[in-house]
Structures are given as structure tokens and as C-alpha cells.
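Architecture at a glance
Listed below, chain by chain, are the residues.
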Amino acid sequence: MSYHADERGYYGEFGGAFIPEMLYPNCEELRQNYLQIMAEPSFQEEFHQLLKDYVGRPTPLYFAERLSKKYNAKIYLKREDLCHTGAHKVNNTIGQILMAKRLGKHRIIAETGAGQHGVATATVCALMGIECVVYMGEIDIARQAPNVARMKMLGAEVRPATSGSKTLKDATNEAIRDWINNPVDTHYIIGSVVGPHPYPDMVARFQSVISEEIKSQLLEKEGRENPDYVVACVGGGSNAAGAFYHFLDTPEVGIIAVEAAGKGIHSGESAATSALGKVGIIHGSKTLLMQTPDGQITEPYSISAGLDYPGVGPLHAHLYTSGRGEFISITDDEAMKAGLDLCKLEGIIPAIESSHALAIFKDRKFAEDDVVVVNLSGRGDKDLQNYIDYFKL
Ligand SMILES: *Cc1c(COP(=O)(O)O)cnc(C)c1O
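Numbering of residues starts from 1 in each chain and follows the order in which that chain's sequence is written. Reporting in this predicted model follows two pLDDT cut-offs: at least 70 for local features of residues, and 80 or more for side-chain atom pairs to be given and counted; totals over whole chains, interfaces and linings ignore these cut-offs and use all residues. Note that water and hydrogens are dropped before the side-chain values are worked out from all heavy atoms of the structure.

Okay, the overall build of the chain next. Helix and strand counts for the chain come out as 16 helices and 14 strands. When we talk radius of gyration, it's over C-alpha atoms, and the globule rule is simply 2.2 Å times the number of residues to the 0.38. Against the globule reference of 21 Å for 393 residues, the chain gives a C-alpha radius of gyration of 19 Å, in line with a compact fold. Expressed along its principal axes, the backbone C-alpha trace of the chain runs to roughly 55 × 45 × 40 Å. The contact definition used throughout considers only heavy atoms, calling two residues in contact when any of these lie within 4.5 Å. Partitioning the intrachain contacts of the chain with sequence separation of at least 6 by distance along the chain shows that 72% fall at a separation of at least 24. The helix count covers DSSP runs of H or I at least four residues long, the strand count covers runs of E at least two residues long, and both are numbered beginning at the N terminus.

We now examine the packing of aromatic side chains. When the centres of two rings from Phe, Tyr and Trp lie within 6.5 Å, Trp using its six-membered ring, the rings pair. Their planes under 30 degrees apart give stacked, over 60 give edge-to-face, and anything left gives tilted. The final tally for this structure, using the stated rule, is 13 aromatic pairs. Geometrically, the ring pair formed by phenylalanine 47 and phenylalanine 206 is tilted, given 5.4 Å between the ring centres and 55° between the ring planes. Pair noted here: phenylalanine 47 is in helix 2 (residues 41-55) and phenylalanine 206 is in helix 9 (residues 199-207), with a separation of 159 residues, a long-range link. An identical accessibility class is assigned to phenylalanine 47 and phenylalanine 206; each is buried. Taken together through their ring pairs, the aromatic side chains of Tyr71, Tyr229, Phe361 and Phe366 make up a single cluster. Note on geometry: a ring has a charge over it if NZ (lysine) or CZ (arginine) is within 6 Å of the ring centre and within 35 degrees of the ring normal. It is arginine 364 that lies over the ring of tyrosine 229; its NZ or CZ is 5.0 Å from the centre. Over the ring of phenylalanine 366 we find arginine 364, and its NZ or CZ is 4.5 Å from the ring centre. Categorising residues by exposure relies on relative accessible area from a 1.4 Å probe, with only protein chains included: less than 20% of the type maximum marks a residue as buried, more than 50% marks it as exposed, and the intermediate range marks it as partly exposed.

Side-chain atoms within 4.5 Å link the members of a nonpolar core, which is a set of buried Ala, Val, Leu, Ile, Met, Phe, Trp, Tyr and Cys residues. One finds Ile94, Met99, Met151, Met202, Phe244 and Leu319 to be the most contacted residues of the largest nonpolar core, which totals 82 residues. Domain limits in this description derive from either an automatic procedure or a database domain assignment. Shared between two domains, this core holds at least three residues of each, these being domain 1 (10-50 + 89-203) and domain 2 (58-87 + 208-391). If near-sequence neighbours (up to four positions away) are discounted, isoleucine 94 is found in contact with Phe47, Leu50, Tyr54, Val55, Val124 and Leu127. Counting 30 residues, the second largest nonpolar core, distinct from the first, contains Leu77, Leu307, Ala338 and Leu358.

So, on to the domain arrangement of the chain. For the chain, the assigned domains are domain 1 (10-50 + 89-203) and domain 2 (58-87 + 208-391). The centre of domain 1, based on its C-alpha atoms, is set 23 Å off from the matching centre of domain 2. Each partner contributes to the interface: domain 1 provides 29 residues, whereas domain 2 provides 30 residues. Of the roughly 2400 Å² buried at the junction of domain 1 and domain 2 (both faces included), carbon and sulfur atoms supply 66%. Ranking the residues of domain 1 by area buried against domain 2 places Phe14, Phe18 and Val193 at the top, with a combined share of 25%. Only one rule defines a salt bridge in this text: a Lys or Arg side-chain nitrogen within 4 Å of an Asp or Glu carboxyl oxygen. Joining domain 1 to domain 2, the criterion identifies one salt bridge. Residue assignment for the side of domain 1 that touches domain 2 shows that the elements contributing at least two residues are strand 2 (14-15), helix 4 (89-102), helix 5 (116-128), helix 8 (168-181) and helix 9. Using a 1.4 Å probe, buried area is obtained as the accessible area two parts lose upon being combined, added over both of them.

Let us look at the sheet that holds strand 8 (residues 186-188). Should DSSP find at least two bridges between two strands, the strands are regarded as paired. With parallel pairing, the four strands of this open sheet are ordered in space as 7-6-5-8. On the outer flanks of this sheet lie strand 7 (157-161) and strand 8, each paired with one strand and no other. Strand-to-strand twist of the sheet, defined as the mean angle between neighbouring strand axes without regard to direction, takes the value 25°. The sheet contact formed by strand 5 (residues 107-112) and strand 8 spans three bridges and is parallel. Paired with isoleucine 108 across the bridge in strand 8 is histidine 187. Every angle, taken between N-to-C directions, lies between 0 and 180 degrees, and every axis is a line fitted to C-alpha atoms, over only the stretch in contact when it is a helix.

Right under this line is the structure:
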């Protein structure tokens, strides 16, 4: 059994492309070309050169000695926080901008919630000198001023979405509308392993450089390619997909996905999509999502903006329902404490998203010689105000 997408973009019963007819030509052009373009030697060469010289890859696999001692396991941190722009998201936007160029597109659109994906997209558009329009909810624009400023400095136009709740899903609707109106010259850069086929598979492939590096780095450090466990936080699921990718079909490697429980799974303020979600369709794919009994998407909540998403990519829905993945949900309080813990123990200030993955060690016990790789998806600079308010620093 394989946990990768089949040629129609299905992971078990999840995935596919549930899109309006008007969007069909755009997705179809991408679907017909993405694997072939990614396989071209010149594409691979340019992609890896940029990952090396621009992003700063390979990111270190760091043995966290004091953290390991505290929790009685061999804990390694995959340092995606050291990527240019401060998180893993740029691996995907580099891949997609090269894809867009080869498809002959000279305009990029994206949607963003907290602004992290918008910044990663604006970054690669500046790098390539390509026009960039980022849709963002009006409320999010007000809440995320530093990221709006970054996008503007990088030359992107930030267009407010003023309908509905004026947040991420409304920005997504605006971006889709734009793409329908500009099918020939525009590529839509989606920021996680979500959306219609082929996006989840394409984004997972771009992020799979994370687990590719883990294998060779672990071989060097431990004399074996496979860890006992690999752990990652899940918003839409792209850093997790990248960290799990080359271990998906290796059952000896345990896969642990960490979701945001917010103020508690049953508090009504949560983003634990797998635990709380029901099968439905969001952003063009069939997956698990948080919804009311009559199928309206419910607003998620998490202290961490990157995990504050009502759905989860179809790969993760399949890992959850098939039992291949172990899913753990972590509250705001648990994540914040684990984040501060890492600062004191290792001198690393993690993104609050990544702090969720670190928080599992308090209750989830491992054997002393278990090798556990935690994907440290991002750095905490962007979250400083949150940490200040929470800990009254
Ligand atoms: C955006 C973000 C996430 C969540 O997105 P995924 O697609 O689930 O990886 C996690 N960590 C950081 C640092 C992020 O910026």
C-alpha cells in the first residue's frame, strides 16, 4: 500500500479536484505538465541551486542534547527555521515560481492568512522579477501589519478581500476569481498541501527535500537512514508532508502529526481538524474539515496563525483515517510552555507553530534509544509580540 497520491490525486478516499468548470483549464494545464517539468534535469538543477545558494539548504539536523536528556530520547531538530525568510514555506514558493516560468506565466497570485505565505511568494517574485498580487482579508491586513509591510517592500501588491469574514477563506475566493479571469498569463501559488489536484502532490514533492536531507544526515550521524519517529505540526500540512514524505511507505518509521487544540479540543475554540473534522470539500479537495451539521465551515482558532486553518491536506486526512499517522493535539498553553522550554534548553526561539510539535514530549513517552526527528518548521521572531503578551516579558 502506498500513501502517496495516485494519478488522479487521491490519497485513499481523499483529494481529487472539486473545482468550478471555469477553473478546469488552469488546473488541467498544471496537472498535465507538472511531473514532466519537475523531472527535467534543468529544472532540478535550478531548483537545487536556488535551495542551496538562496534558501541556505541543506538545513542542519541538530542533535538537541539537553532536550534529549530532559525527555529521555534521542531528539534531533530539523532546522527549517534557518531557511531564508524564516520557515519552510520558501521551499515550495521557489519550486512553484520555477514551474510558473516554464509554463510561460508572467504574473503570480497568492492568498495569505497571517502573511507568511504571502511573504514567501513576494520573495520569489522579487527574485525572478515577476509581478505579484497577494490577496489578504481586510481583518488580517490590520492584524498582520509587519508582514504586509514586508510584502510591499518586496514589490508585491496586497489586495484586501472585503467580503464575508474578511479573512483567509475570503482571500482564497478572491484569488480563485482572479485566476478564472486570467487563465493564460497567471499562476496561482498555493501555500500548503491543500487545494485541487495536483497542488497537494506538487507541494509535497517540493517540500520533500526536508525528508531527503533527514535521511542522508541521519545516516551520517546515526549510521542509519530511518528515524524511529518523525514529528511535525500540521496547519494545512506542508512542512509535515515534506518531513514525512520519504518515510510514508516505510512502516518502521512512526509518523506523528501535531494539531492545534487551541483552548482545548472541546472548547469550541480549536483547530484540531482531524480530531474534530468531518468529510467535506474545501478549496477544491475532499478532506476532513471543521463544519457545522449542515456543512458550513466553522472558524478555527489557535494562538498560532499558521495552524489556524479549518481543513487539512488530503494526505493527512488519509494518514489519520488509515491509522498510519499518530495524531496528537496540543493546546495554546502547552505549546507556549514548550516554546519557552526550547529557548532555555537549546538557545533556539521557535515559531509557535513548531512549539506545538515540541510540546508532545511532556506526555508522549519514547524509549531511551528512540531516534525522534522533530521538524522545527520556523523561527519565533514573527511571534515575539505573542510571546511577550503571553509571558508578560
Ligand atoms: C505556515 C506555517 C506552518 C503551517 O503550515 P503547514 O503547511 O502545515 O506547514 C507551520 N509552521 C510555520 C513556521 C509556518 O510558517
